[in-house]
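Below are the chains, spelled out letter by letter.
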Amino acid sequence: MKTLKDVPVNGTATVKKLHGEGPTKRRIMDMGITKGVNIMVRKVAPLGDPIELNVRGYELSIRKSDAEMIEVE
């Protein structure tokens, strides 16, 4: 299973499935990360957390722990 955390900088991926439960999954979906959306990894902080993404035409930063819950292909 490949997660968003495994996508290299300047790499793109398509969301396949969201893992997690309750408020965490809801928060990820509210940020625009839903099944089928394309995501580009723009930057990763020097220590690996957070990760800056380009989703639906806007920039978004998420924690590495949240990126592990997003399965991509």
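Described below are features of the structure shown in this document.

How each quantity is defined
- Residues numbered from 1 in each chain as written.
- Predicted model: local features only at pLDDT ≥ 70, side-chain atom pairs only at ≥ 80, totals over all residues.
- Heavy atoms only, no water.
- Pairing = 2+ DSSP bridges.
- Helix = DSSP H or I, 4+ residues; strand = E, 2+ residues; numbered from the N terminus.
- Axes fitted to C-alpha atoms, helices over the stretch in contact; angles between N-to-C directions.
- Salt bridge = Lys/Arg side-chain N within 4 Å of Asp/Glu carboxyl O.
- Buried < 20%, exposed > 50% of the residue type's maximum accessible area, 1.4 Å probe, protein only.
- Contact = heavy atoms within 4.5 Å.
- Polar contact = N/O pair within 3.5 Å; in protein donor to acceptor, adjacent residues only side chain to side chain.

Two elements, strand 3 (residues 51–55) and strand 4 (residues 58–62), share five bridges in a ladder whose sense is antiparallel. Each residue of the ladder has a partner; that of N54, found in strand 4, is E59. Connecting the antiparallel pair strand 3 and strand 4 is a turn made up of two residues, with R56 showing a positive phi of about 50°.

Within the open sheet, the five strands sit side by side as 4-3-2-1-5. Their pairing is antiparallel. Because the sheet does not close on itself, it has two edges, and the strands there are strand 4 and strand 5 (70–72). Put simply, the sheet's adjacent strands are angled 45° from each other on average, direction ignored.

Take the pattern of salt bridges next. Taken as a whole, this structure holds seven salt bridges when the rule is applied. Taking the shortest distance from any N to any O, the salt bridge between E71 and K16 comes out at 3.9 Å. Of the two residues, E71 sits in strand 5 while K16 sits in strand 1 (residues 12–18), which places them 55 residues apart along the sequence. Measuring nitrogen to oxygen at the nearest pair gives 3.3 Å for the salt bridge that ties E52 to R42.

Let us look at the environment of E71. According to the relative accessible area criterion, E71 is buried, its value standing at 11%. Spatially, the C-alpha atom of E71 lies 17 Å from that of S61, the residues being ten residues apart in sequence. Apart from the residues within four sequence positions on either side, E71 is in contact with M1, K2, T3, T14, V15, K16, K17 and H19. For E71, the side chain forms a polar contact with the side chain of H19, separated by 2.8 Å.

By themselves these figures say nothing about function.
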